[in-house]
Every structure is written in structure tokens, then in C-alpha cells.
Amino acid sequence: MNQANRRNFLKTAAMGGTLAGLGDLAFLSRLSPVSAAETQLPAPTVQLEAGLEPVVRLIEETPRDQLLEQVGARIRNGDWSYRDVLGGLLLAGVRNVEPRPSVGFKFHSVLVVNSAHLAAQSSPASQRWLPIFWSLDYFKEAAAKDVAERGDWRMAPIDDGALPRPSQAHQAFTAAMDDWNDGAADVAIASLARSAGVNEIYEMFFRYGARDFRSIGHKAIYVANSYRTLQCLGWKNAEPVLRSLAYALLMHEDSNPRTRDDEADRPYRRNLELAQKIQGGWRDGKLDDAATSEMLQTLRTGSNDEACDLVVEQLNRGVSPQSVWDALHVGAGELLMRQPGIVGLHAVTTTNALHFAYQTSGNDETRRLMMLQNAAFLPMFRGAMQSRGKVLDLNVQELEAAKVDGDSGKAVEQIFAEVSSDPTAAARSTLGYLQQGNSAKEYIDAARLMVFLKGNDAHDYKFSSAALEDYFKLSPNWRNLYMASSVFKLNGSGQRDNGLVQRTRNALA
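Rules and cut-offs
Residues numbered from 1 in each chain as written. Predicted model: local features only at pLDDT ≥ 70, side-chain atom pairs only at ≥ 80, totals over all residues. Heavy atoms only, no water. Salt bridge = Lys/Arg side-chain N within 4 Å of Asp/Glu carboxyl O. Helix = DSSP H or I, 4+ residues; strand = E, 2+ residues; numbered from the N terminus. Buried < 20%, exposed > 50% of the residue type's maximum accessible area, 1.4 Å probe, protein only. Contact = heavy atoms within 4.5 Å. Core = buried A, V, L, I, M, F, W, Y, C linked by side-chain atoms within 4.5 Å. pLDDT = per-residue confidence, 0-100. Axes fitted to C-alpha atoms, helices over the stretch in contact; angles between N-to-C directions. Parallel < 35°, antiparallel > 145°, perpendicular 65-115°, else oblique. Nonpolar A, V, L, I, M, F, W, Y, C, P; charged D, E, K, R; others polar. Polar contact = N/O pair within 3.5 Å; in protein donor to acceptor, adjacent residues only side chain to side chain.

Concerning the pattern of salt bridges
One side chain can pair with another of opposite charge once the charged atoms of both are near each other. Scanning all chains against the criterion turns up 36 salt bridges. In this structure, Arg100 and Asp182 form a salt bridge, with 3.3 Å as the shortest nitrogen-oxygen distance. With a gap of 82 residues between them, Arg100 in the loop between α4 (82-96) and α5 (108-121) and Asp182 in helix α8 (residues 182-195) connect regions that are remote in the sequence. Residue Asp182 is classed as partly exposed on the basis of its relative accessible area of 30%. Two residues, Lys403 and Asp405, come together in a salt bridge whose shortest N-O distance is 3.0 Å.

See the structure below:
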């Protein structure tokens, strides 16, 4: 689509309201646009500027119905930058919202920060404040729930005298995490935060985030999201984030998991041994669509052991790990099609998190483990879905593409109208739109705007950020099917506006 047609599409959408008020975002010009550079850490050695405590305190103490006005005033005056607000939002969350009894529910106020940041990064400069303002409001809602449910939990100060020596902190941390010991892990990670590098710390967290299936993938999601947000904020304020993360990963029910054989822990224990059976040179394999189809069939009907065994067998016979990941992403999307609910959604976002850990880790064994754990988790997600109700007998590979007529702008409008009324038709239209060579970026931009204007829940941001990002991680032969499956949890133009745009407009008036 050429630039003139693209401008016409946006103008038409704004005038007709098809994409629900794109033309009404001009009020954001009252704030300084967020440059792309502000959403990136300029250099590995650059740390977050000092002085975040006042930002955090204002977010904590300001009533919900006044927070957007207070933050907007400071941004307009030049007192706070994008990074200040993002950092204050994350730290307010980890300091005030407990990741227990589950690493989910109200704790999404922390988990969603990176998703909002990713949405901001991928948006035009004039729109980058919208997801951040949404997250500010959502934090206040979650903090109120935490007070009601947990009695105003607040992260306690660390006992500096209890910290292990820097030379002993790594060993102390792994021992505490292996023993599921909250107190020992807390002081050990604080010592590491002050003395170790980010890579050393997150190599451990990648594994601990993936070692059990409790909280339907939220542990792995928190590992990936915290790492990515700290890449923007810098390491200076990492200590409370890392303490919160360690505490979240040690969440469990009943007695110490180390002393029992729980279903949530079995895949990791088995995969530690299975990973050793993957032969050297496993990354040298070739793309193989037949192997991807074979893996998808196992994910539909097989056990987690069978899925993991097949990963090893395929890699050892020369299949590219990319073909395995194609199956894992498409398999997660198919689960969402079969039951468009909370469990299927987390199959997608967990796969996004584990693939991120795979791509980020510098440890060969950790990378093999991330792939194996993802293969184990998807049949477990399928089982969790079955306990919640009917799981439709659908095969994403049998989805038929629908021909879309007219220019790409009108096609996108029609698709997002269908998302609200007939998701299956929207999935077919999405597949047809992409197979006909239309712009994936234009489609993704519209999907993201729908989240800004229609999204009411943290999962709208978490899911869309993961699914829209992962489209480009898949091989060309599989990415269109994956995008079509994501339609079942994207926001449509027929949904009611979330009110955030109007509230933000009023806050900046």
C-alpha cells in the first residue's frame, strides 16, 4: 500500500469512526512525543537516572481519579521523562503488589508494564503515552485489590547484615531456590543485584522461571518481562524488581515441592536428563515443514513426554530448531482457537516468554531446556483447558483463507469489524489478507490501536504484544496461520471504547 493510500485509509477511519477515534488522538500533542531513543537504553553502561523515589511515591499516594492529571502535569512541565514514568510504574508495582497467592490476577499490574512498553515502542511517537497512562490507571486498581485481599502488603526493607558475600551469593541463591526457601533467596538475590552482572543473574532466572507449571506460565512471563523492562530502565533500580521476581518464582501450594513428585515439576526434572540426549550441532538443522506438521499433531493429541521426546528426535535427525519453534507458536495459537479463553491465551504468552529466554540465553543447555519445557507445557495447557469446558476439535492447518476485496485499508477495517462479530470469519479474512500479499505492518498497527482504544484488561496488552511480536519470529510458511489464530483474542472495532482516551484528554486539558 503506497503512502497516499495509507493516509487516505487513516483519514477515512478517523472520519468514519471505523477504528474508533483515531482522529481524536491529536490531544496527545500536549505532551512531548516520546522518541524511539527514549524507549531504548542508550548503552549497556547507562543506568536509570537518580530520583525515582518521588515518582514512585506520587504514583503510590495519589488517588486513582487524580493520578493521570498529576502525571500529565509533570510530563508537560518537563519534570518527568518516559523512562521516569515507566520506572516509577514498575517499582510502584513490585513494592506494593504481592505476587502471591498466584503470579497473576492483581499482579498483572507488574506483568503488563513490559507489554505496555512494547506497545509504546511499536507505536508512532505521538501515541506512545497511551499504553503507559492505561497502565498507571490499572496499577491503582490492582493496588486497591491487594489491600482488600492481602492487607496492604508492602515489600519489606532488606537486612543488609544478612546478605551473603558477593563471592558466595551465586551459590547461596541457587541453593535457596532449589530448596524453595523464600528468606534465603531474598537476601541472596539482593547481594547478586549489587555485585553480579545481568547475564549471570538472568541465566539462573530463565531456568527457575521455566521449571514448573504453576500459575499457567506467569513465572516465565515475569522473567522475560522484567528483563526486558530493565533493559530500558537500566540496572540501578533493579534490586527490588529482582527480589519480587525471586519471591514470585518460589510460589507454590502445600508442602515444599522439592520433597514431592508433583505434576507441575515432573517435566523439568525429566527434561534436565533429556536435554543431554540432544546431539552437538543441533542448531545446524534445516527447515522442515513436514517436521513442523508432525510436531503439531503430537501437540494436539500426545502427552508432554511424547512432545519432548519428539523434539529430541527431530533435532537429532537434522531438523532446524526454527521448525520446532514454528510448531510451538502455531500449536499455542491453535489452542486459543479451540477454546478462546484465559488458558489458551497464556499458552501464547508463555510461548512468547520461553522463546525470548531461548533467544537471549548464552547457555546451550538452557536453550535446549527452554524448547523442551515449552513442548511439555503446551499439552499441559491443553489439559487445563479440558478441565474448564469444551475444547473444540479444530485444526489451524485446515483453516480456509477468505478472499478480501478492495484496497488493504478497507480490508483491515472489515477484518476488525468481523473480530467483534464473527472471529472465525475474521481469522479466514486475516489469512486471506496476508496470503494476498497485503501489508502485515498495516494490519498489526491497526490491531495495536484497537488495544489502545478498546482494551480493558491487562491480558489485552499482554496477549497482543506477544502475538504481534511473534508473527515475525515464525517462518514465512507458518506466520500467516499464526496471525489468523490470534484473532480470537484481539480487540475488534465493534467493542465499546475503554474510556482511557477520553480520561487522558481530560487529564491534559
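Regarding the environment of Ala142
On the secondary structure map, Ala142 appears in helix α6 (residues 129-150). Residue class for Ala142 comes out buried when judged on its relative accessible area of 3%. The sequence separation of Ala142 and Lys106 amounts to 36 residues, and the corresponding C-alpha distance is 4.9 Å. Every residue in contact with Ala142, bar those within four places of it in the chain, is listed here: Lys106 and Ser109.

Examining the nonpolar core
Counting residues in each nonpolar core, the largest one holds 160 residues, and the members touching the most others are Phe173, Tyr202 and Phe205. With 12 residues, the single largest contributor to this core is helix α17 (residues 364-386). Discounting chain neighbours no more than four positions away, the residues touching Tyr202 are Val223, Ser226, Tyr227, Leu230, Trp235, Leu242 and Leu245.

A short note on the confidence of the model for the chain
With 90% of its residues at a pLDDT of 70 or more, the chain shows a mean pLDDT of 89. Note that residues 1-18 has pLDDT below 50 and, in this model, 24 contacts with residues that lie over four places away or in other chains.

Details of the packing of helix α20 (residues 440-454) against helix α21 (residues 458-470)
The geometry of α20 relative to α21 is characterised by a closest axis approach of 10 Å and an angle of 170 degrees between their N-to-C directions. On the basis of their axis angle, the class for α20 and α21 is roughly antiparallel. For the pair α20 and α21, contact is made by Ile444, Ala447, Arg448, Val451 and Phe452 and by Asp460, Tyr461, Ser464 and Leu468, respectively. In the contact of α20 with α21, the residues fall into 6 nonpolar, 1 polar and 2 charged.

Quick word on the environment of Ala210
Inspection of the secondary structure puts Ala210 in helix α9 (residues 198-210). Note on Ala210: relative accessible area 0%, which makes it buried. For the pair formed by Ala210 and Asp265, sequence separation is 55 residues and the distance between their alpha carbons is 9.8 Å. For Ala210, the residues in contact, after removing those within four places along its chain, are Tyr268, Leu354, Met370, Gln373 and Phe377.

Side note on the side chain of Asn304
Relative to the elements of secondary structure, Asn304 occurs in helix α14 (residues 304-316). With a relative accessible area of 18%, Asn304 lands in the buried category. Contacts of Asn304, omitting those with residues within four sequence positions, involve Ala376, Pro379 and Met380.

A look at the environment of Asn363
Relative to the assigned elements, Asn363 resides in the loop between α16 (342-360) and α17. Owing to a relative accessible area of 31%, Asn363 belongs among the partly exposed residues under this scheme. Each C-alpha atom, one on Asn363 and one on Glu203, is 7.5 Å from the other, the two residues being 160 residues apart in sequence. If we ignore the near neighbours within four places in the chain, the residues touching Asn363 are Glu203 and Arg207. In this structure the side chain of Asn363 is engaged in a polar contact, spanning 3.5 Å, whose partner is the side chain of Arg207. Only 2.9 Å separates the side chain of Asn363 from the backbone nitrogen of Glu365, close enough to count as a polar contact.

Concerning unusual backbone geometry
In this chain, Arg100 is followed by Pro101 through a cis amide linkage whose omega measures 5 degrees. Residue position: Pro101 is located in the loop between α4 and α5. Non-glycine residue Ile216 carries a positive phi angle of around 35 degrees. Here the phi dihedral of Asp254 falls at roughly 60 degrees; this positive angle occurs in a residue that is not glycine. Mapped onto the elements, Asp254 comes out in the loop between α11 (238-249) and α12 (266-274). The exposure class of Asp254 is exposed, given its relative accessible area of 71%.

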